Amino acid sequence: MMVDAGAAAGWESRFLDLPDGARLRLARWTSPPDAPRAAMLILHGRTEFNEKYGEAAEDLSRQGFAVWTFDWRGQGLSSRLLPDRQRGHVETYDMLVDDLRAVIAAVKAEIGALKLAVLAHSMGGHVAVRYLQTGAAAVAGAVLSAPMLGIGTERFPLWLARALSWAAVSLGFAGGYALSQRPWRPGRDRFEGNLLTSDPHRHAVQQRWFVDHPE
């Protein structure tokens, strides 16, 4: 089913229905090269979404790639596991590996004989590594940008962070916010002092997406 891509200029989106009833928002860049030399599947980091990768898709298209991406289960406009869409949540990363396997099958069915490569950032890199460990031959190559191979626990030693996480889940807070996290509100995430970008324009664009489409 085709859906309105909203702020996702350049993307053509549809929902991919999965056997367990979940839906993933799968997107294809709408201006591929006339004779693509390969296809590229972009795997997002935690909390990210299709719109954020428009510039990357345009650059890859210029280099001869047909480009695809999708919102992970639990974020973006894909299915959520909790009633509160502000809380990104999955039960296990194995679930995301299964979702990636379904997306790759769907993309491969459309690209035919083209080779498929993966460009994965942060959490997407983590899921890509898990997928590649299965010996899957569907992917011809992978580029991992800052892959999430571990968790930065800041002032907490790793053993303490694990103990706190275990205790929180055991007490029924698996679907709650992590310590120091809170719901997004317009104007909350200011450019000054942020740790993610030094580009005020891109920061403002992302905040505009959130304001226009808080879901």
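For the structure itself, look to the data block above.
For clarity, every value in this text was computed on a predicted model and none was experimentally measured. (Residues numbered from 1 in each chain as written. Predicted model: local features only at pLDDT ≥ 70, side-chain atom pairs only at ≥ 80, totals over all residues. Heavy atoms only, no water.)

**Student:** Outline the overall build of the protein chain, listing residues and values.
**Tutor:** Looking only at helices and strands, one finds five helices and seven strands in the protein chain. Here the protein chain has a C-alpha radius of gyration of 18 Å; the compact-globule value for 215 residues is 17 Å, and the two agree. Dimensions of the protein chain, computed from C-alpha atoms along their principal axes, come out at roughly 55 × 40 × 30 Å. Relative to its 215 residues, the protein chain shows a buried fraction of 36%. In the protein chain, once contacts between residues fewer than 6 apart in sequence are set aside, the share between residues at least 24 apart is 64%. Accessible surface, the protein chain: about 12,400 Å² in total, of which carbon and sulfur atoms supply 57%. (Helix = DSSP H or I, 4+ residues; strand = E, 2+ residues; numbered from the N terminus. Rg over C-alpha atoms; globule rule 2.2 N^0.38 Å. Buried < 20%, exposed > 50% of the residue type's maximum accessible area, 1.4 Å probe, protein only. Contact = heavy atoms within 4.5 Å. Areas by Shrake-Rupley, 256 points an atom, 1.4 Å probe, with all protein chains shown as cover.)

**Student:** I'd like to hear about helix 4 (residues 158-170), residue by residue, with values.
**Tutor:** An α-helix turns once every 3.6 residues. As a result, residues three or four positions apart point the same way. Its 13 residues place the ends of helix 4 18 Å apart at the C-alpha level, agreeing with the 18 Å of an ideal helix rising 1.5 Å per residue. Two residues or fewer after helix 4 comes G172, characterised by a positive phi angle close to 90 degrees. (Expected span 1.5 Å × (residues − 1).)

**Student:** So what about the pairing of strand 2 (residues 11-17)? Which residues, and what values?
**Tutor:** Across a regular strand the side chains alternate sides, sitting on one face of the sheet and then on the other. Alignment of strand 2 against strand 3 (residues 23-29), held across seven bridges, turns out to be antiparallel. When the bridges of strand 3 are listed, E12 appears paired with R28. In this antiparallel pair of consecutive strands, strand 2 and strand 3, the connection spans five residues, and G21 shows a positive phi of 95 degrees. (Pairing = 2+ DSSP bridges.)

**Student:** Describe the pairing of strand 6 (residues 116-121), listing the residues and the values that go with them.
**Tutor:** Bridging between strand 4 (residues 38-43) and strand 6 involves five bridges; their strand directions are parallel. Looking at the pairing, I42 lines up with L119 of strand 6. Here strand 6 runs beside strand 7 (residues 141-145); their pairing, made up of five bridges, is parallel. The residue of strand 7 that forms the bridge with H121 is S145. Handedness of the crossover joining strand 6 and strand 7 through helix 3 (residues 123-132) is recorded here as right-handed. (Right-handed = clockwise from strand over helix to strand, strands pointing away.)

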